[in-house]
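# Examination of the molecular architecture
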Amino acid sequence: MEEDDKKLLDDKPLVEDDTEELEDPELVLDCVPREAEQKAGLGSSCPGIEQSKDKQKQRLTAQEKRQACLLRRDLSHLDQLHEEKDLFIQKTRGELRACRRRMELLVKQQESVAAEIAAERAANNMAAMGRLEAASRRLCSELKNERDLQAQMMAVLQQSQSALWQIEVQEGQLEDARKSAQEEAAAARRGLQERAAKQLHREMGASGKAERNRLLRARRCVHLQKELGLRQQKLVEEAQKNHRKALRFLKASLGRIREQEQKEELETREHMRRRMDAVLALKNSISANREMLRKFQAWGQAKTELAEQKAQAEKKAILAQGGDAFKHLCHQRRRQELEAQNRAFEEEQKRRKQEIVSRLLKEEAVEDQRRPRPEPPRPAGQRSLRDQTWSYVATFCDGQSTEAPLCCPLQRQSPPLSLFQPDVPGQRPGPAQEQIKLQETRSRFYQSSPLLTAISSESVQGDGSLGGEDTLAWPEIPGLWKEDYKPFQVSKEDVDRKPVGGTKMDKDILARTMQRLRSGVIHKQVASGREFRGCPFNSKPKFIHFKDFDVGKVYKKKITLINATYTINYCKLVGVDESLQDFIHVDFDPPGPLSAGMSCEVLVTFKPMINKDLEGNVSFLAQTGGFSVPLKCSTKKCSLSLDKELIDFGSYTVGETAIRTITLTNTGGLGTKFRFLLASETCEMDTSQSVLKLSSTFTYEDKSLYDKFTTSFSEHQMEGNESSPTDVPSQKESGKLDVKEQEEGHPIESEGVTLTTIMTIPPNEEQMEFSLGETTEGDIGPFSSIKVPVIFTPIVPGTVQNSFKVVFKNQQCPTLYFKVVGVAIDVPVWVPKPNVDLKICMYDRLYQDSILVHTRSKAALRLKFEVCKELRGHVELLPETGYIQALSSYSVQLKFLPRHSLPEDAGKYFDKETRVLEAPMTIRVADQIKPVGFTVHAVVTTSDLELSPAGLDFGYCTIYEAIRTQISLCNHSLLPQEFGFVGLPKFVDIQPNDGFGTILPLETLQLDVIFQPTKAKEYNFELICKSEINRCFKLACRAVGVYPPLELSHNQIKFAATSLYDTSVATLYVINSHLSMNSLTHSVPRIGSEDAFPVGPTSFEFLLPPDSPITISPLVGTVWPGKRCLVRVAFRPVLPSELIHQEAFQALSRKAEVKLSQKETVTQRKDQRRPSFSMLRLQNQDRLLRASASQPPELQKEDLASSSQEYQSAQASLTRSFQGKFDKFVVPCVVASGDTKDRKGTEPLSFSPHNTLYLELWCPAVAPSIVVTSDKGKTVINFGDIAAGHRGIKKVSIQNISPEDLDLEYSVLNPDGPFVLLNPTIRLPSGETQVLDLSFSPRESVVAQEILDIITKKGTLSLALMGTGVASTITCSIEGDVLNMGYVIARESVSLGFKLQNNSPLPIKFSMQLDSLSSRSRDQHCLPQFLASPDQRTEVVGTQNYSGQSVFSVVPVEGVMEPGKAQDFTVTFSPDHESLYFSDRLQKVSHHILLKGAAREHMMFVEGGDPLDVPVESLTVIPAFDLEHREEAEELKPILVTLDYAQLDPDTQAPPATRELQVGCIRTTQLSAKKTVEFSMDNIAALQHKGFTIEPSRGSVERGQTKAISISWTPPIDFDPDHPLLASALLQLRGDVKETYKVLFVAQVVTGP
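Residues numbered from 1 in each chain as written. Predicted model: local features only at pLDDT ≥ 70, side-chain atom pairs only at ≥ 80, totals over all residues. Heavy atoms only, no water.

### Notes on the overall build of the protein
- Each helix and strand in the protein was counted, giving 20 helices and 78 strands.
- Sorting the 1649 residues of the protein into buried and exposed places 35% on the buried side.
- The contacts of the protein with a sequence gap of at least 6 include a subset with a gap of at least 24, amounting to 71%.
- Accessible area of the protein: about 100000 Å², with a carbon and sulfur share of 52%. (Helix = DSSP H or I, 4+ residues; strand = E, 2+ residues; numbered from the N terminus. Buried < 20%, exposed > 50% of the residue type's maximum accessible area, 1.4 Å probe, protein only. Contact = heavy atoms within 4.5 Å. Areas by Shrake-Rupley, 256 points an atom, 1.4 Å probe, with all protein chains shown as cover.)

Right, dumping it as structure tokens:
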């Protein structure tokens, strides 16, 4: 209260109060400031001064105004101080009453305790008396305290009352000033109101003037628009006419242009198709030629490299043998030149012979042409295979088959007739001529193919004696191109009948035919009554085997056929199997009849072309039947074996060495590389990859040549990569060997051993018992062997065994295994456990173990145990010396106590990184040189536990919250340790497991230290962690407890599971319970040990995290002491915009990929030729580049609008697939002293960061139970633009995706709004879909938006309804919205038309309705029309037909007006009786048109004058008269004409008063004698005398015309202004009948408007 009392007039304290210490208050009363007294004096003398001032009419000066303002401020401050002091007195009195009640209670308790003491004293219960006396003393002390407190409070109360009285005295002094200030304020308010009224009147006048100007401008604008509309309509009609004319000419021109373009398009497509075909053919030819040329170049390069490698190898071999390599190369070059010259000479001789033969043939052909010969018949039957082959060769030489690829097999084509027919017609060449012709064609083929000739000359020659050339072109029949062809080997008929390439049917027919032919040849052989059965001839050898052949060489074998029958027999060669015909040639000269036991020889020649195993039979035919000799051709293979699979060394003492030898033998014709390894090791023999690649167009023969070349090239490459030269004989192993190199990569044949590398197995860390010699890998040639030594060096006693394997480079060779076994015998004394493992040990901990020593000696031995000097301070063996008895054991005690100096003392025996100790121990045996050793192994580790950080500072923490901080507990030991935090204070908690547990080796545990203060003070404490070995580790902590002035009713809010885009709401209170500064009765808000928080209004503000789905209202507020503020917390989960953008981009990417794939599919279908592998790879690369370059433009945008279709589709898709999410938010609430209203402008309040409250929110989000399935899941229903008065309907499909049925409720839409739910559904089963119909019916131009909530027990689905009402901007051609149909003869009709123009951007439906036909309810309580005045008549439906049909009709009734279009309407007026008051109202789209009309029985009418009747017909029946008496019975019809002469200024002459009467003649279709109507008015002179002037007084009117009768009046001289002037005249109309009207004139003079 001391701070409140200081807020007096001039900030001088009146009352000092300290309720916290309750000291004696000192009342300090200061005088009121002089300024206030002067103001009070002014206020008391205010009436006299004001009267004098009113008399003098003077205004207050600026100084007086400032004094009045200061006076009002002091008065308000004094009132506020009075209220606060009154409130404090009331609170003090309440506390005083409470203190008195406590004192009364203490007195009662003293009396009861005194009674109990007396009772216990009487009972002599000393223990109870002591307890009760202590209680009595406590009550006395409390009563004394309460009395002191009462005295202090009474003093404070008296002081406060004195201060209050002083304030009241000051208020009384300033009462007059208060009243004068109030009067001045009231006068000021009245003045303001008067000025405001005047300003309002001026503004209303200005607004009226502006409104009139606006209406004038609007009329002008409408007039201009009408004129512009008419001009525009004329222009549009003319433009439409011109457009129709131009359209006809344009269509004709476009038709001709389209025909011409179609014709040109067809021609262009045909031209492009021909160009594409030509390009594809050229491309295929180029690719085929390129592949063939590339292959030939590779072969030529490979041959060159082979020749160079061969020369280098020969050179190295000659140098190794000690010869002269240069001399050898010179001789070889000369020999090659001589052979080339010989071949050139032979070719020249052949060419000359061919030229001579060709000249001779030409001469014979010329002679044959001179002699006439008959035309020979055509050759019957199919041509032989030889003819087809040479036909293809001749065609190729002539250049007729340029498109065929060179690498393809020879195609079977019909030969040209010029090859096999002579030039002379009718003569077929003989055998000699045919042979010459074939040779000529062959030579021409070789001459025309220089590439084939070059390759053929460079091919490797297999056998020098044969002299054959290795060419790329191979004949289909072996021996076809040989010059030494023997005609007797196989008959020409058989060759021609061989079904080469025939169909299966041809082969079957041929087989049946041959079987029938042979059945007649074969005869049974019977001798001595015994029929021979079996093989007629025995073959020696029985099996023809060409073993280990080389491609390109020629092999020959002779076999002997022995007649094994009983009598003479014959033998004939049938042939070889079809698979061997290209490689096997059989030379067999039939010997004729052979007696039993006689034999004949057969020469079989084998020329391999491919490196492949072949099998088949050579078939013969004898007189007794056929037989065959098996034939097999096998390639070179490796056949490897070991001479033994087990090597047993026997028993050897430790330290000795034994050697055994194992032999590896190759009995095959192919050499390979080998390598000896342990069975547990892995080794991959490197196989060189070929640098040449196979083309997809290789033939079978090409691939065989390629395989042959690849083998040679790979072996030479492998030999070239090695450091030592290949094929060097090992003089140590097998002495001098003859090396013979073969061509084209054939293996080397030798009986010795060929080694390429001499190496030993690298020694491991601990030496192995079994090892191999230096020779562990190398090359083993064909038909050779190699010996490898195996060495046994026993190290550890016992049986030792190991397995080895031999691996080979050739993948076809299996791996060979062999096993080695040996037994090692140890010294007499040994240790069964040479390695003593102490596991993991800690520093400063003692570890013991027992070492057992055995002896196999039969005598006692002295033992001495030694420890290395580095470890003598840590390891000890007890006893140091001992004796072991014969054939017994001895035990030694090992003690290990590691110190922290172990890493420095142990030196090399201790690894500081792994902390492993390997301590060697020695046992010395008497009379034994070799000591016995064993090793002590141990892993030494520490027992330290490390707490990080070293200290914890929790900072400032309120009593309503807990601070959790993580600490790390690291175990530096290699052993698990148990730990526990002991002696924890009550305000600290450690989790998990309350700070107890086990920590694993080298593990770091994260522990949570939770600090929750109980009061506001400073905390300093330590956390103690103890390990299982009783080691303590301390962690210093400090914090500051804060008692905030505000508190939250709930510090944690757990929202229910909320669906996406749904809202969950929770409420809480912010409470201000700080009412008193008395720290003795209760705790007061403060920060640590600082001063207490002042009592008063306290403000708060919640700080929400960014992008959070949380809304808090209010965010900022002020709470007064003892009050609380309601806070609303809302949780609305939404999908992140980044995720929605990502999903939208992925959807766009998928669409782009689908479009790209479809385009590529169409492109690939157009391409009818299958591309090669390289082309496919290029196409794939191009497709990837196009896919990366042709990204859709949508993906290149950084962002998508939230209203775009892609964004909403992605949002709906993610909503359906949402799996749920749980978020936890902590929202800080800062607290500040003061009211938010007191801050100046935008100045923020001084929030203290230490008085911050925290609100924890648990926010689980789940998938919605109901989703929208229509329109890609969009929840925004946009009706678009709808014309006012129309209705748009949208259908929305919702689906229940939850596993249970749901009851639906709907939020209430605005009843006066445009949105309506047409079919609400109350229940939606699980998995089903319901369609909701929503309508939008705008009544005016408005942008409407509402939210429709579909509420279920699991959540709410919100649908945003949007729509725009567009006003129908329609213009009507009728001015004034009144259509007057004029006068019509009864029972006739007349029609008028008008137009409606739709100027709105929407099509508008129209429906024309008449009020007379409308079913609207009418007001039943209005007066009848004939009783109401003309101003009160609001009905627009007038007189109607008697027949019940409508008087007015309009067409069309309904329709649609397109935007910018006009619609014509026709209104027809059809009355059935006479009346002047036919009327109705036509309701159009947005306007009303009043329809009027009148009907007469006759053709004349008069209108004008004042109305004398009501526009309602009488219900009485009009009597009918005969036509003859009608004129007599007809009365005069009155017409009242009132004339008002306006005499505004008596000095000036006013214009006469004028009126008009209209006389008309109705146009009719009835026949009538009179075509016009004549009218005349009598008594004109009398009227003129009275001042009336009538022009004209008589005349005639044509049909359909009207004529005006002008009536003017000027007051005569004798006119009495007080009495109106009355006059009358008769007006006669003569048409089909005669009618007379009595015109009454009433004239008067008026002097005012």
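### Quick word on the sheet that holds strand β32 (residues 963-971)
- In space, the four strands of this open sheet follow the order β30-β32-β36-β34, with antiparallel pairing throughout. Edge strands, defined here as strands with exactly one partner in the open sheet, are β30 (945-948) and β34 (988-991). When strand polarity is set aside, the average angle formed by the axes of neighbouring strands in this sheet is 25°.
- The pairing of β32 with strand β36 (residues 1004-1011) spans eight bridges and is antiparallel. If you follow L969 over to β36, its bridge partner there is L1005. (Pairing = 2+ DSSP bridges. Axes fitted to C-alpha atoms, helices over the stretch in contact; angles between N-to-C directions.)

### Topic: the pattern of salt bridges
- Following the criterion strictly, the structure yields 38 salt bridges and no others.
- One salt bridge in this structure joins E777 and R675, with 3.9 Å as the shortest N-O distance. Linking E777 in strand β16 (residues 777-780) with R675 in strand β14 (residues 672-678), this pair joins segments that are 102 residues apart in sequence.
- Salt bridges linked by common partners bring E270, R273, R274 and D277 together as one network. (Salt bridge = Lys/Arg side-chain N within 4 Å of Asp/Glu carboxyl O.)

### Examining the pairing of strand β13 (residues 658-666)
- Relative to β13, strand β11 (residues 640-642) runs antiparallel, the two sharing three bridges. For L642, the partnering residue across the bridge sits in β13 and is L664.

### Some remarks on the nonpolar core
- Within the largest apolar cluster, 36 residues are counted, with the highest numbers of intra-cluster contacts made by F1588 and F1641.
- Top element by residues in this core is strand β77 (residues 1621-1630). It accounts for five residues.
- Beyond its immediate chain neighbours, meaning those up to four positions away, F1588 contacts L1539, L1583, I1607, S1608, W1609, L1621, A1623, F1641 and A1643.
- Of all hydrophobic cores here, the second largest spans 35 residues; its members include F865, L871, V875 and I884. (Core = buried A, V, L, I, M, F, W, Y, C linked by side-chain atoms within 4.5 Å.)

### With respect to helix α6 (residues 175-321)
- With 147 residues, α6 extends just 146 Å between its outermost C-alpha atoms, more than 12% less than the 219 Å of an ideal straight helix rising 1.5 Å per residue.
- G322 sits one or two residues past α6 and shows a positive phi near 90°. (Expected span 1.5 Å × (residues − 1).)

### Let's talk about the side chain of H1473
- By the element assignment, H1473 lies in the loop between β67 (1462-1469) and β68 (1475-1483).
- Only 2.8 Å separates the side chain of H1473 from the side chain of D1472, close enough to count as a polar contact. (Polar contact = N/O pair within 3.5 Å; in protein donor to acceptor, adjacent residues only side chain to side chain.)

### A closer look at the sheet that holds strand β54 (residues 1305-1306)
- Strands sit in the order β51-β59-β58-β54 across an open sheet of four strands; the sheet is mixed. For this open sheet the edge positions go to β51 (1276-1283) and β54, each flanked by a neighbour on one side alone.
- Of the pairings in the sheet, the one linking β51 to strand β59 (residues 1355-1366) comprises six bridges and is parallel in character. Bridge pairing in β59 links N1278 to M1362.

Bear in mind that shape data such as this cannot, by itself, settle questions of function.
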